[in-house]
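If you want the building blocks of each chain, they are given just below.
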Number of protein chains: 2
Amino acid sequence: MTTARRSTRDAIVGAALELFRERGFDGTTMRAVADRAGVSVGNAYYYFSSKDELVQGFYDQLVAEHRALALPAMAGHTDLGERLGATLHAWITAAEPYREFAGRFFAVAAQPGNPLSPFSPDAGPARAAAVELYQEVLAGSRVDPDPELARELPELLWLQHLGIVLFWVHDRSPHAARTRLLVDRTVPIVARLVRLSRLPVLRPLGRQVVDLVRALRE
Amino acid sequence: MTTARRSTRDAIVGAALELFRERGFDGTTMRAVADRAGVSVGNAYYYFSSKDELVQGFYDQLVAEHRALALPAMAGHTDLGERLGATLHAWITAAEPYREFAGRFFAVAAQPGNPLSPFSPDAGPARAAAVELYQEVLAGSRVDPDPELARELPELLWLQHLGIVLFWVHDRSPHAARTRLLVDRTVPIVARLVRLSRLPVLRPLGRQVVDLVRALRE
DNA sequence: GTAGTGTTTTGAACACGTTCAAAGCCCCGG
DNA sequence: CCGGGGCTTTGAACGTGTTCAAAACACTAC
């Protein structure tokens, strides 16, 4: 029965998330996950082909929480910098509970070939959803960048997001204060660059950036 | 005797490097490393407290090879873009033999708290050496950036280098062609930005960047 | 020489991620 | 009811990274 299948699966991923939060990724054993889910080790492997794959559950939850926090936070603002800042701070807030062990998670995802890697084909839909959020960040702001650049901007902003995440993962300061500082300082730079992109002196630069992004997309 | 100590250590790291090249990181077992080095497993752990730590050997070798390739490659050039491109292409060339499994290596290093991480305190000297190479890239070029920016530029170029490495790790194209494309497209952008940094419109932007870097250094 | 002390080396033992042959379960056609 | 074919589930077994108490060794002081 397919509903039995679902519930076993959910029990496993639920147990995994609980244990990850309690003891971190390395401190969680597959035996413990299986125990708490009330199944055998082998059964856990029937649904998830590796311990790494259990991380997908964490990932999905984080994306959903980020979106839920980001949209209301930027609503009402029309300044690109404000909207961008709200979105990035929302991410830091959403990720806060997982801070201690998220480093291991992202290290796993950073592994080339890993399906969780944001650059892997498997992560295509997840990536598209993330880029779309930045599309919305832009759409709600009264900003008028160079039109060619505008088309690539959502993806570029998502790249900025990845960079911030990378920093956050290594940030050991309380409440991720350094990452928040990085956001507060980076956002005006990006906003200014976008604003200046119409300037004649900067047009060739913008074109170079656009060409680069397109060339890499193949 | 300290020379015996050295030679055991070298035997282990040598065996590890051989095996890494033959079978990759995951395919290499500590038992195999110990065997080939002619010592016991326990002894390998006496010198290296984990399998990850053996990667340091690979890392050191790569840095040395990069420097050896980069210096002659940029000699004679005075254009910043040319020097930067030569340095980055030299890195890709030096890293080529390790391409298949370097992904695993950098994933290990990317783990927060790992002493191999470029941002860890343990890696301070290694980082300083890397930044210094970009100091040399700048020193040999006739370029005249905004003076405040100039002081932070070596570190910023090193950050660019890290970004390229990150891309390379995920690049599956033959001969890392896509990474080379990225270098060829990124370098002119960076060179142009540096050149434009003296422009009055861009001064505030440059200041923001400089402030950011300094704030994050604490 | 011998005893004492610190360093190096050993290999069995442990805990973990992962695999796999076998068993259990469910449902359908006869 | 029976038999068979696919899902699911099991837990013992394997190979791995890592630990540790004990042994071997090197040196010094007497």
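Model, not experiment: these values are computed from the prediction.

1. Comments concerning the protein's contact with DNA strand C
Line of reasoning, step 1. Neighbouring DNA strand C are 17 residues; R31(A), Y45(A), K51(A), R5(B) and Y46(B) lie closest to it.
Line of reasoning, step 2. When the atoms of DNA strand C within 4 Å of the protein are grouped by moiety, sugar and phosphate amount to 59% of the total.
Line of reasoning, step 3. Between K51(A) and DNA strand C, the recorded distance is 2.8 Å, taken from a side-chain N or O atom to a phosphate oxygen.
Line of reasoning, step 4. For the surface near DNA strand C, the secondary structure elements donating two or more residues are helix 2 (30–37) and helix 3 (41–47) of chain A together with helix 1 (2–23) and helix 3 (41–47) of chain B.
Line of reasoning, step 5. If you tally residues by element for the surface near DNA strand C, the top one is helix 3 of chain B, at 4 residues.
Line of reasoning, step 6. Considering only residue class, the surface near DNA strand C consists of 6 nonpolar, 7 polar and 4 charged.

2. Observations concerning the packing of helix 7 (residues 124–139) of chain A against helix 8 (residues 147–170) of chain A
All names here are of chain A.
Line of reasoning, step 1. Two numbers describe how helix 7 lies on helix 8: the axes approach to 8 Å, and their chain directions differ by 110°. In terms of their interaxial angle, helix 7 and helix 8 are classed as roughly perpendicular. Residues R127, A130, V131, Y134, Q135 and L138 of helix 7 form the contact with helix 8, whose participating residues are L153, P154, E155, L157, W158 and H161.
Line of reasoning, step 2. Here the residues of the contact of helix 7 with helix 8 sort into 8 nonpolar, 2 polar and 2 charged.

3. Looking at helix 10 (residues 203–216) of chain A
Line of reasoning, step 1. In a regular helix each residue adds 1.5 Å, so 14 residues correspond to 20 Å; helix 10 of chain A covers 20 Å between its end C-alpha atoms and thus fits that length.
Line of reasoning, step 2. Lining the buried residues of helix 10 of chain A we find helix 8 of chain A together with helix 8 (147–170) and helix 9 (177–196) of chain B.
Line of reasoning, step 3. Downstream of helix 10 of chain A by a residue or two, E218(A) has a phi angle that is positive, lying close to 90°.

4. A few points about the relation of the copies chain B and chain A
Line of reasoning, step 1. Least-squares fitting of chain B to chain A yields an RMSD of 0.1 Å, with the transformation described by 0.0 Å of translation along the axis and a rotation of 180°. What the rotation and shift describe, once combined, is the action of a two-fold rotation axis. Residues of chain B ranked by C-alpha distance from the rotation axis are headed by A107(B), positioned 2.9 Å from it.
Line of reasoning, step 2. When the interface residues of chain B are mapped onto chain A, 100% of them are again interface residues, pointing to one common binding face.

5. Here we look at the interface of chain B and chain A
Line of reasoning, step 1. The interface is formed by 35 residues belonging to chain B together with 35 residues belonging to chain A.
Line of reasoning, step 2. Contact between chain B and chain A buries roughly 3,200 Å² in total, counting both sides, with carbon and sulfur atoms accounting for 71%.
Line of reasoning, step 3. When the buried surface of chain B facing chain A is broken down by residue, P112(B), H170(B) and L216(B) rank first, second and third, together holding 18% of it.
Line of reasoning, step 4. On inspection of chain B and its partner chain A, the count reaches 0 salt bridges.
Line of reasoning, step 5. Connecting chain B to chain A are 4 residue pairs in polar contact (both at pLDDT 80 or more).

6. Digging into the domain arrangement of chain A
Interface extent is often summarised as the accessible area lost during association of the parts.
Residue and element names in this part refer to chain A.
Line of reasoning, step 1. For chain A, the domain assignment lists domain 1 (1–50) and domain 2 (52–217).
Line of reasoning, step 2. The straight-line distance from the C-alpha centre of domain 1 to that of domain 2 is 31 Å.
Line of reasoning, step 3. Facing 15 residues of domain 1, the contacting portion of domain 2 comprises 12 residues.
Line of reasoning, step 4. Summing both partners gives a buried area of about 1,200 Å² for domain 1 against domain 2, and 68% of it is carried by carbon and sulfur.
Line of reasoning, step 5. At the junction of domain 1 and domain 2, the tally comes to 1 salt bridge.
Line of reasoning, step 6. Residues D26 and R104 are paired through a salt bridge, measuring 2.3 Å at the closest nitrogen-oxygen approach.
Line of reasoning, step 7. Here domain 1 is connected to domain 2 by 5 residue pairs in polar contact (both at pLDDT 80 or more).
Line of reasoning, step 8. If you list the elements that add at least two residues to the side of domain 1 that touches domain 2, you get helix 1 (2–23) and helix 2.
Line of reasoning, step 9. Among the elements that make up the side of domain 1 that touches domain 2, the one with the highest residue count is helix 1 (6 residues).

7. Examining the side chain of S117(A)
Line of reasoning, step 1. By the secondary structure assignment, S117(A) is in the loop between helix 6 (99–110) and helix 7.
Line of reasoning, step 2. Setting aside chain neighbours within four positions, we find S117(A) in contact with A109(A), Q111(A), A123(A) and H170(B).

8. Considerations on the protein's contact with DNA strand D
Line of reasoning, step 1. Around DNA strand D, the surrounding shell holds 18 residues, and the nearest of these are R5(A), S40(A), R31(B), Y45(B) and K51(B).
Line of reasoning, step 2. Among the atoms of DNA strand D close to the protein, meaning within 4 Å, 60% are from sugar or phosphate groups.
Line of reasoning, step 3. Interatomic distance of 3.3 Å between a backbone N/O atom of T28(B) and a phosphate oxygen of DNA strand D.
Line of reasoning, step 4. In the model, a base oxygen of DNA strand D is placed 2.8 Å from a nitrogen or oxygen of the R31(B) side chain.
Line of reasoning, step 5. Elements represented by at least two residues in the surface near DNA strand D include exactly helix 1 and helix 3 of chain A together with helix 2 (30–37) and helix 3 of chain B.
Line of reasoning, step 6. With 4 residues, helix 3 of chain A is the single largest residue contributor to the surface near DNA strand D.
Line of reasoning, step 7. In terms of residue class, the surface near DNA strand D is made up of 7 nonpolar, 7 polar and 4 charged.

9. So, the nonpolar core
Line of reasoning, step 1. I12(A), F58(A), F106(A), W168(A), I12(B), F106(B) and W168(B) are the most contacted members of the largest nonpolar core, which totals 128 residues.
Line of reasoning, step 2. Once you skip the residues sitting within four places of it in the chain, F106(A) turns out to touch F58(A), Y59(A), L62(A), W91(A), V165(A), W168(A) and V169(A).

10. Observations concerning the packing of aromatic side chains
Line of reasoning, step 1. Under the counting rule described, the total for this entry stands at 14 aromatic pairs over all chains.
Line of reasoning, step 2. With 5.3 Å between their ring centres and 70° between their planes, F20(A) and F105(A) make a pair best called edge-to-face. Residue F20(A) is found in helix 1, and its partner F105(A) is found in helix 6; the two are separated by 85 residues along the sequence. In this pair, the class of F20(A) matches that of F105(A), namely buried.
Line of reasoning, step 3. With centroids separated by 4.8 Å and ring planes inclined at 70°, the aromatic side chains of F58(B) and Y98(B) adopt a geometry described as edge-to-face. With F58(B) in helix 4 (residues 55–74) and Y98(B) in the loop between helix 5 (80–95) and helix 6 (99–110), this residue pair connects regions lying 40 residues apart in the sequence. We note that F58(B), like Y98(B), is buried.
Line of reasoning, step 4. Grouped by ring-pair contacts, the aromatic residues F20(A), F25(A), F58(A), Y98(A) and F105(A) constitute a single cluster.
Line of reasoning, step 5. Directly above the aromatic system of F25(A) lies the positively charged group of K51(A), at a separation of 4.6 Å from the ring centroid.

Rules behind the numbers
- Residues numbered from 1 in each chain as written.
- Chains lettered and ligands numbered in written order.
- Predicted model: local features only at pLDDT ≥ 70, side-chain atom pairs only at ≥ 80, totals over all residues.
- Heavy atoms only, no water.
- Near = heavy atom within 4 Å.
- Polar contact = N/O pair within 3.5 Å; in protein donor to acceptor, adjacent residues only side chain to side chain.
- Helix = DSSP H or I, 4+ residues; strand = E, 2+ residues; numbered from the N terminus.
- Nonpolar A, V, L, I, M, F, W, Y, C, P; charged D, E, K, R; others polar.
- Axes fitted to C-alpha atoms, helices over the stretch in contact; angles between N-to-C directions.
- Parallel < 35°, antiparallel > 145°, perpendicular 65-115°, else oblique.
- Contact = heavy atoms within 4.5 Å.
- Expected span 1.5 Å × (residues − 1).
- Least-squares fit on C-alpha atoms with pLDDT ≥ 70 in both.
- Buried area = accessible area lost by both parts, 1.4 Å probe.
- Salt bridge = Lys/Arg side-chain N within 4 Å of Asp/Glu carboxyl O.
- Domains from an automatic or database assignment.
- Core = buried A, V, L, I, M, F, W, Y, C linked by side-chain atoms within 4.5 Å.
- Buried < 20%, exposed > 50% of the residue type's maximum accessible area, 1.4 Å probe, protein only.
- Phe/Tyr/Trp six-rings, centres within 6.5 Å; stacked < 30°, edge-to-face > 60°.
- Lys NZ or Arg CZ within 6 Å of the ring centre and 35° of its normal.

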